[in-house]
Amino acid sequence: MRLIYLALLPAALVACEKHTDLEGTMPAPEATVTEDAAADDTPAPEPVNSRAIDGVWTTGEDSGNAMVMYAPEDGPSVFEVVCREQGEDGAQNVLTLRRAATQNEAGDTLDVFTSAGSGAIGASFLEGDNPMVGGNIDPNGSLGTALANGTGEIRVKTGTSEYTFETSPELKALVDSCRPEIVVEAPAAEPAEGEEETPEE
């Protein structure tokens, strides 16, 4: 009986070898790209270059419109806010915001951050002796309110360039003065009990 098993052993080994060769000829599965691998191809955002500016606030005029400016003591202004009066009642007034920037620094938005809120506005590059990026906002909008009520530090960013400096009462006063005056009419007094209302002639 042992001889029979020994005789069958070579045939079993050959069968195993044939089975192994068959499996070895199967094609390898195709590589798949995972979401994590695809995300690696996305370029990283450029770092923001933040710069603290030491300076002072001053008031002035721009084409007859009230303006406040922030500038280093020995240099041109780096941030300007102008109230452009439009209409007799001021209902169409706008605030123009401008920040100093080179053409390489300039982005297509002006992003403003204060302790009372933040906002982004579309902006254009303004050439001149002191090139700037500027845009307009509604003084009664959320960003106008943030400028009037913010305290401490303001951050103004365009492209990857950000300036930081302290706010001031002059800025708040300008924004408040640019808002149309809201007139609230007092309700008509009702006649006292027992008195008749006198008709108007």
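Note that the coordinates shown come from a computational prediction; the quantities given were computed from them, not determined experimentally. (Residues numbered from 1 in each chain as written. Predicted model: local features only at pLDDT ≥ 70, side-chain atom pairs only at ≥ 80, totals over all residues. Heavy atoms only, no water.)

(A) Spotlight on the overall build of the protein chain. Helix and strand content of the protein chain: four helices and eleven strands. Looking at the protein chain as a whole, 30% of its 201 residues qualify as buried. A separation threshold of at least 6 residues defines the contact pool for the protein chain, and within that pool the share at least 24 residues apart is 52%. Entry remark: accessible area of the protein chain is about 14,200 Å², with carbon and sulfur atoms responsible for 52%. (Helix = DSSP H or I, 4+ residues; strand = E, 2+ residues; numbered from the N terminus. Buried < 20%, exposed > 50% of the residue type's maximum accessible area, 1.4 Å probe, protein only. Contact = heavy atoms within 4.5 Å. Areas by Shrake-Rupley, 256 points an atom, 1.4 Å probe, with all protein chains shown as cover.)

(B) Seen up close, the state of the cysteines. Enumeration over the complete set of coordinates arrives at one disulfide. Here C83 engages in a disulfide with C178; their sulfurs sit 2.2 Å apart. What sets the handedness of the C83 and C178 disulfide is the S-S torsion sign, and at about 85 degrees it is right-handed. In this pair, C83 sits in strand β4 (residues 79–84) while C178 sits in helix α4 (residues 169–178), placing the two residues 95 residues apart along the sequence. Comparing C83 with C178 shows no difference in burial state: the two are buried. (Disulfide = S-S within 2.5 Å.)

(C) The packing of aromatic side chains, seen in detail. One pass over the structure, following the stated rule, counts five aromatic pairs. Where Y70 meets F165, the ring centres are 4.7 Å apart and the plane angle is 20 degrees; that geometry is what we call stacked. Placement of the pair is Y70 in strand β3 (residues 65–71) and F165 in strand β11 (residues 161–166), with a sequence separation of 95 residues. Classification of Y70 as buried rests on a relative accessible area of 4%. Each residue in the set W57, Y70, F79 and F165 is aromatic and connected to the rest through ring pairs, giving one cluster. Cation over ring: R99 sits above Y163, and NZ or CZ is 3.7 Å from the ring centre. A cation sits over an aromatic face here: R155 above F113, 4.3 Å from the ring centre. (Phe/Tyr/Trp six-rings, centres within 6.5 Å; stacked < 30°, edge-to-face > 60°. Lys NZ or Arg CZ within 6 Å of the ring centre and 35° of its normal.)

(D) Up close: the pairing of strand β10 (residues 153–158). As judged from the three bridges shared by strand β6 (residues 109–114) and β10, these two strands associate in the antiparallel manner. Across the sheet, the residue bridging to D111 is K157, located in β10. Here six bridges tie β10 to β11, and the two strands are oriented antiparallel to one another. Each residue of the ladder has a partner; that of R155, found in β11, is T164. The antiparallel pairing of β10 with β11 creates a hairpin that spans two residues between the two strands, and G159 there sits at a positive phi of about 60 degrees. (Pairing = 2+ DSSP bridges.)

(E) A look at α4. Residues of α4 that are buried include every one of L171, L174, V175 and C178, and no others. For α4, the angular spread of buried residues about the axis comes to 95 degrees, placing them on one side. On its buried face, α4 sits against β2 (56–62), β3, β4, β5 (94–100), α3 (142–149) and β10. (Arc of directions from axis to C-beta.)

(F) Here's a closer look at the sheet that holds β2. Here we have six strands laid out as an open sheet, ordered β2-β3-β4-β5-β9-β8, and antiparallel in their pairing. Strands with a single pairing partner mark the edges of an open sheet, and in this sheet they are β2 and β8 (124–126). Sheet twist, expressed as the average angle between the axes of neighbouring strands with direction ignored, equals 25 degrees. As judged from the three bridges shared by β8 and strand β9 (residues 132–137), these two strands associate in the antiparallel manner. The partner of S124 across the bridge, within β9, is G134. Against the sheet, α4 contacts β2, β3, β4 and β5, and its axis sits at roughly 25 degrees relative to β4. (Axes fitted to C-alpha atoms, helices over the stretch in contact; angles between N-to-C directions.)

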